[in-house]
Amino acid sequence: MGELPFFRAHTALHPDHLWIWEKAVYVDENQRTWLPVTIEIESSLQVLMRQEDVPLGDPVCPSQLGPYLLPVMWQLYPGRRYRGSDSSFWRIVYHIEFGDTEDMLLEQMPDPEYE
């Protein structure tokens, strides 16, 4: 009986920036595309960012998006977190690469003003 190949998940390097390109598509500094899946739970807002190659249409201006739950840009900050263009902070729950799939789960941190 042949042996199955051993796959190992490993921690990937975090993108330095993620910019909205069009609704539900972000682009990082290396022109890789990321697709967000928003997860609302009782105590917080989470977003699963999946790096997946998709053809890009024309970029949109943030004003063309209408109301949008997520920041239009994230910037990597020290301490395993991102700061959104709306001044929100998002902690990196995990960021793994498994085969050809890369997933990063972000969780919105409570605003220190309201804690």
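To be clear, the structure that these remarks concern was listed above.
Since we're looking at a predicted model, the values are computed, not measured.

Basis of the calculations
Residues numbered from 1 in each chain as written. Predicted model: local features only at pLDDT ≥ 70, side-chain atom pairs only at ≥ 80, totals over all residues. Heavy atoms only, no water. Helix = DSSP H or I, 4+ residues; strand = E, 2+ residues; numbered from the N terminus. Buried < 20%, exposed > 50% of the residue type's maximum accessible area, 1.4 Å probe, protein only. Contact = heavy atoms within 4.5 Å. Areas by Shrake-Rupley, 256 points an atom, 1.4 Å probe, with all protein chains shown as cover. Core = buried A, V, L, I, M, F, W, Y, C linked by side-chain atoms within 4.5 Å. Polar contact = N/O pair within 3.5 Å; in protein donor to acceptor, adjacent residues only side chain to side chain. Salt bridge = Lys/Arg side-chain N within 4 Å of Asp/Glu carboxyl O. Pairing = 2+ DSSP bridges.

## What about the overall build of the chain?
Helix and strand counts for the chain come out as zero helices and nine strands. Mapped in sequence order, the helices and strands of the chain form the string β-β-β-β-β-β-β-β-β. When the 115 residues of the chain are sorted by exposure, 30% land in the buried category. Across the chain, contacts joining residues at least 24 apart in sequence account for 46% of those joining residues at least 6 apart. Carbon and sulfur atoms provide 54% of the accessible area of the chain, an area that totals close to 7,800 Å².

## So, the nonpolar core
Ranked by internal contacts, the top residues of the largest apolar core, which has 15 residues, are Tyr-26, Met-49, Trp-74, Trp-90, Met-104 and Leu-106. Those elements that provide at least two residues to this core are strand 2 (17-22), strand 5 (45-51), strand 8 (89-98) and strand 9 (101-108).

## Describing the side chain of Asp-28
Of note, Asp-28 is situated in strand 3 (residues 25-28). Assessed through its relative accessible area of 1%, Asp-28 is described here as buried. In terms of polar contacts, Asp-28 uses its side chain to reach the backbone amide nitrogen of Asn-30, at 2.8 Å. Polar side-chain contacts of Asp-28 include one of 2.9 Å to the backbone nitrogen of Arg-32. Excluding residues within four positions of it along the chain, Asp-28 makes contact with Pro-15, His-17, Leu-18, Trp-19 and Trp-34.

## Some details on the pattern of salt bridges
Throughout the structure, instances matching the rule amount to four salt bridges. The partner of Glu-102 in a salt bridge is Arg-32, with the nearest N and O atoms 2.9 Å apart. Here the residue Glu-102 occupies a position in strand 9, and Arg-32 occupies one in the loop between strand 3 and strand 4 (33-40), the gap between them amounting to 70 residues. The exposure class of Arg-32 is partly exposed, given its relative accessible area of 25%. Residues Arg-50 and Asp-103 are paired through a salt bridge, measuring 2.7 Å at the closest nitrogen-oxygen approach. Separated by 53 residues along the polypeptide, Arg-50 in strand 5 and Asp-103 in strand 9 bring together distant segments of the chain. Taking relative accessible area as the criterion, Arg-50 reaches 34% and is therefore assigned partly exposed. If you follow the salt bridges from partner to partner, you end up with Asp-28, Arg-32 and Glu-102 in one network.

## Thoughts on the pairing of strand 8
With three bridges joining them, strand 7 (residues 81-84) and strand 8 adopt antiparallel strand pairing. The residue bridging Arg-81 from the neighbouring strand is Arg-91, located in strand 8. Connecting the antiparallel pair strand 7 and strand 8 is a turn made up of four residues, with Ser-87 showing a positive phi of about 75°. Sheet topology note: the strand 8/strand 9 ladder contains eight bridges and is antiparallel. Counterpart to His-95 in the pairing with strand 9 is Met-104. The hairpin turn running from strand 8 into strand 9, its antiparallel successor, is two residues long, and Gly-99 in that turn takes a positive phi close to 65°.

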